[in-house]
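Summary of the model geometry
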Amino acid sequence: MVGEDGREWNAARIRALRARLGASQQELADRLGTRQQTVSEWERGASHPRRMAQRLLTMLAEAEGVYEVA
């Protein structure tokens, strides 16, 4: 799924964002208003973030100054 920035929020990109933030899956989930299990599923490629989650991921990356994530 392609985010607002034209780039796909795939498993690798989500893992890379979380690593750059130094956050656990639970911490990222809390910041996005979702469950840790959901973040785990995204990172394993078992599911993909829906449109609102993609927007939140993009906004979080921008707010934290993380523009280029794997």
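Look above for the structure.
Figured I'd write up the structure that's included with this text. (Residues numbered from 1 in each chain as written. Predicted model: local features only at pLDDT ≥ 70, side-chain atom pairs only at ≥ 80, totals over all residues. Heavy atoms only, no water.)

**Digging into the pattern of salt bridges**
- Within this structure, the stated rule accounts for two salt bridges.
- Residue E43 is joined to R18 by a salt bridge in which the shortest nitrogen-to-oxygen separation is 2.5 Å. On the criterion of sequence distance, the pair formed by E43 in helix α3 (residues 36-44) and R18 in helix α1 (residues 11-21) is long-range, its members being 25 residues apart.
- For E43, a relative accessible area of 6% puts it in the buried group.
- On the basis of relative accessibility, which here comes to 19%, the residue R18 falls in the buried class.
- A salt bridge links R31 to E64; the shortest N-O distance between them is 2.6 Å. Taken together, the residues R31 in helix α2 (residues 25-32) and E64 in the segment after α4 (51-63) connect sequence positions 33 residues apart.
- Classification of R31 by relative accessible area gives partly exposed; the value is 45%. (Salt bridge = Lys/Arg side-chain N within 4 Å of Asp/Glu carboxyl O. Helix = DSSP H or I, 4+ residues; strand = E, 2+ residues; numbered from the N terminus. Buried < 20%, exposed > 50% of the residue type's maximum accessible area, 1.4 Å probe, protein only.)

**Some thoughts on the packing of aromatic side chains**
- Evaluation of the coordinates by the stated rule reveals zero aromatic pairs.
- Just above the ring of W9 sits the side chain of R13; from NZ or CZ to the centre is 3.8 Å. (Phe/Tyr/Trp six-rings, centres within 6.5 Å; stacked < 30°, edge-to-face > 60°. Lys NZ or Arg CZ within 6 Å of the ring centre and 35° of its normal.)

Remember, this is a structural readout, not a statement about activity or role.
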